[in-house]
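A closer look at the structure
In case you want the letters, here they are:
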Amino acid sequence: MGTRDSMDDMAKTIRVLVSFVGNRDPYPDKDEQPGPLLSFLLHNEVDKAFLLCSSALYLERAQDLVREAKDEGLLTRFEPLHFFVQDVVDYGAIWDQLLKTLQNLKLQVDESLPARIGVDWLFLLDSGTPQMKSSLFFAAAMGYFPATVYQGIPPEFSGGSYRSRRVDLEPFAPLQRGGVGGLPAGPEPSLSVAHPAGFDAPLPGNAGLFKDALERAQRVAQYDDPVLLLGETGTGKTMIARRIHELSSRKSGPFVEVNCSAIARELAESELFGHVQGAFTGANKNRSGKFRAAHRGTLFLDEIGDLPVDLQVKLLKALEDQSIYPVGSDESVPVDVRLIAATHKDLVHMVREGTFRADLYQRLKVVVIKLPPLRERREDILPLAEYFLAERNRKYGESRYLSGDVKNLFIRYPWPGNIRELKNTIDSACSISLKDCIEPEALSEELLALLRTGEVQASPGPQDRIGYGIATPAGSPILPPEGIDLRARLLQIEWSYVSAALRASGGNREAAAKLLGMTGHSFRKALRERFAGFIEQEWEGE
């Protein structure tokens with residue numbers, strides 16, 4: 001079979017798999033039994049597999065799966081795709097994105113095959129969040145996409161190894177949307193990659209400095225030169241990085257984000273370049289690393305100023321040679337990535353001090369984009385607040401709005417946490433407020449302190465004019481007549497200190513715990529159990 005035509009003559013139908021990638025792919029942690037995807041591929045012939053990955057972690061797992069499948073002698077052709085959604089448990093966002101992605105994939109496959117070749121589409125329901133799996137199921141069950149659905153069966157229910165069985169969709173026939181099935185008509189999206197809805201429209205911004213930064217990002221997107229984003233924490237560096245990727249020729253490839261400040265020093269090299277089995281204690285399996293996960297796409301190194309100096313040397317070599325050496329291996333692996341780096345630190349000062357390599361700095365600063373803090377773009381504060389509020393209202397079906405006093409406070413407040421702090425303030429106020437109208441009493445202690453200083457005068461409410469309400473001494477908290485959710489308010493106050501400690505420690509959780517007089521174990525447990533919502537909204541991305 002030396003040519004594509006001879007292969008086409010032998011096979012009138014090809015089998016194409018679509019599946020999310022999850023935590024058990026290609027192998028569950030500390031388990032030698034293959035995970036759901038690899039098990040399915042070992043027991044079912046598949047010609048092409050599209051792997052939907054919701055983050056850099058799963059893009060890396062997808063590359064690990066590709067390597068393991070090759071080692072097993074499988075001939076399946078793989079295509080990992082970045083399935084970007086802001087919230088991996090938001091049914092609406094996942095559903096909208098999935099329909100667009102499936103339409104892209106169908107167009108891509110149909111256009112690449114001769115008319116005489118048919119396609120059997122397969123969906124595997126095992127990896128991914130429950131919302132992802134159920135959305136994939138309903139896309140087939142409701143007739144949006146002509147696919148055969150397979151259900152993964154965990155080892156404990158299938159004799160000790162992963163199995164799969166075909167799902168009978170006949171009982172769900174009443175759900176089908178007429179006709180033969182197929183995606184709803186609509187404009188053709190770009191092929192082979194999932195894009196977040198509305199991503200082409202960046203966050204509102206009319207301030208001159210921000211518009212300049214955005215325009216520069218749009219101009220440099222067409223090239224593969226490295227880009228260095230400078231700005232305080234929370235100014236939107238990740239948004240700009242994604243924007244550059246989305247407008248580039250690499251937009252059909254992965255966008256892989258790595259927070260350098262969050263990587264343990266001893267694991268940093270493995271995180272970036274991967275490792276081979278046995279390279280060090282605990283390296284029980286091969287790992288691809290973030291460079292390979294970003295192959296033919298964009299690698300975004302956030303907080304690059306926190307990268308250890310010894311690793312900076314290896315990063316520079318990887319950029320210059322376009323190849324990497326996994327930890328424990330003498331064989332180079334070619335990689336094709338476009339690098340975008342970001343930091344809130346003064347790299348010029350760090351170069352003078354010897355804590356950042358001058359040659360790496362020169363390599364990174366081919367294009368420099370500086371993002372202004374929110375206090376320097378005050379005309380954007382209210383449009384951004386209204387944007388975040390509208391997004392939240394849409395998500396939760398609410399009708400919240402800001403009072404005049406809150407708008408006045410927002411304009412005057414210096415916003416040390418920038419856009420991220422503004423968004424978190426909106427989310428927190430909506431959770432606490434008992435009314436649709438967001439009043440000052442629903443805001444954080446930092447904003448209320450500004451109100452008490454007299455810098456910002458609240459307009460008198462009806463309780464002030466006619467003498468009812470709860471009187472409070474000067475400097476005391478404002479307690480409205482209808483009361484507040486005290487638990488939510490106390491949790492918000494706690495989070496303000498936790499967030500400040502994380503910022504002060506550069507994201508180092510052990511150091512943050514010490515600043516708060518807590519043990520590392522107690523601090524990590526609190527982040528997991530009590531502050532998970534805040535972490536997702538505020539700290540994990542810019």
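Description of the structure in this document. Bear in mind that the values here come from a model prediction, so they are computed numbers and not experimental data.

In this structure, L17, F291, L299 and L301 are the most contacted members of the largest nonpolar core, which totals 54 residues. Looking at this core element by element, the count peaks at 6 residues for helix α3 (residues 56-71). Apart from residues lying up to four places away in sequence, L17 is in contact with L37, F40, L41, V46, K48, A49, F50, L122, F123 and L124. L203, A241, V367 and A429 belong to the second-largest nonpolar core, a separate cluster that totals 45 residues.

Let us look at unusual backbone geometry. Here the residue pair D25 and P26 is connected by a cis peptide bond, since its omega of -5° sits within 30 degrees of zero. As for its position among the elements, P26 is in the loop between β1 (13-20) and α2 (36-43). Its identity is not glycine, yet Q322 carries a phi of approximately 55°, on the positive side. Relative to the helices and strands, Q322 resides in the loop between α10 (309-321) and β10 (323-324). Classification of Q322 by relative accessible area gives partly exposed; the value is 30%. Even without being glycine, W415 reaches a positive phi, approximately 50°. Take W415: it is sitting in the loop between α14 (404-412) and α15 (418-432). Of the residues examined, W415 reaches a relative accessible area of 0% and is grouped as buried.

In this section: the packing of aromatic side chains. Centre-to-centre distance and the angle between the planes together describe a pair of aromatic rings. Under the definition given, this model contains 13 aromatic pairs. On the numbers, 5.3 Å between centres and 65° between planes, the contact of F40 with Y150 is edge-to-face. Of this pair, F40 sits in helix α2 while Y150 sits in strand β5 (residues 147-153), placing them 110 residues apart in sequence. Taken individually, F40 and Y150 each receive the classification buried, so the pair is uniform in this respect. Between Y387 and F388, the ring centres sit 5.6 Å apart and the planes meet at 70°, which makes this aromatic pair edge-to-face. F388 gets classed as buried once you look at its relative accessible area, which sits at 9%. Of the aromatic side chains, those joined through ring pairs into one cluster are F50, W121, F123 and F145. Seen from the ring of F210, R377 lies directly overhead, with NZ or CZ sitting 3.8 Å from the centre.

The next subject is the pattern of salt bridges. One pass over the structure, following the stated rule, counts 24 salt bridges. Note that D224 and R250 form a salt bridge whose closest N and O atoms lie 3.1 Å from each other. In this pair, D224 sits in the loop between α6 (208-220) and β7 (227-230) while R250 sits in the loop between α7 (237-246) and β8 (255-259), placing the two residues 26 residues apart along the sequence. Note on D224: relative accessible area 45%, which makes it partly exposed. Take R250: its relative accessible area is 8%, and that puts it in the buried class. Its salt-bridge partner being E271, residue K290 comes within 2.6 Å of it at the nearest N-O pair. Within this pair, whereas K290 is found in helix α9 (residues 290-293), its partner E271 is found in helix α8 (residues 268-273), the two being separated by 19 residues in sequence. The pair formed by K290 and E271 is uniform in burial state, with each residue classed as buried.

Turn by turn, an α-helix covers 3.6 residues, leaving residues three or four places apart pointing in a common direction. Burial within α7 is extensive, with 10 of its 10 residues counted as buried. Of all the residues in α7, the buried ones are K237, T238, M239, I240, A241, R242, R243, I244, H245 and E246.

Rules behind the numbers
Residues numbered from 1 in each chain as written. Predicted model: local features only at pLDDT ≥ 70, side-chain atom pairs only at ≥ 80, totals over all residues. Heavy atoms only, no water. Core = buried A, V, L, I, M, F, W, Y, C linked by side-chain atoms within 4.5 Å. Buried < 20%, exposed > 50% of the residue type's maximum accessible area, 1.4 Å probe, protein only. Helix = DSSP H or I, 4+ residues; strand = E, 2+ residues; numbered from the N terminus. Contact = heavy atoms within 4.5 Å. Phe/Tyr/Trp six-rings, centres within 6.5 Å; stacked < 30°, edge-to-face > 60°. Lys NZ or Arg CZ within 6 Å of the ring centre and 35° of its normal. Salt bridge = Lys/Arg side-chain N within 4 Å of Asp/Glu carboxyl O.

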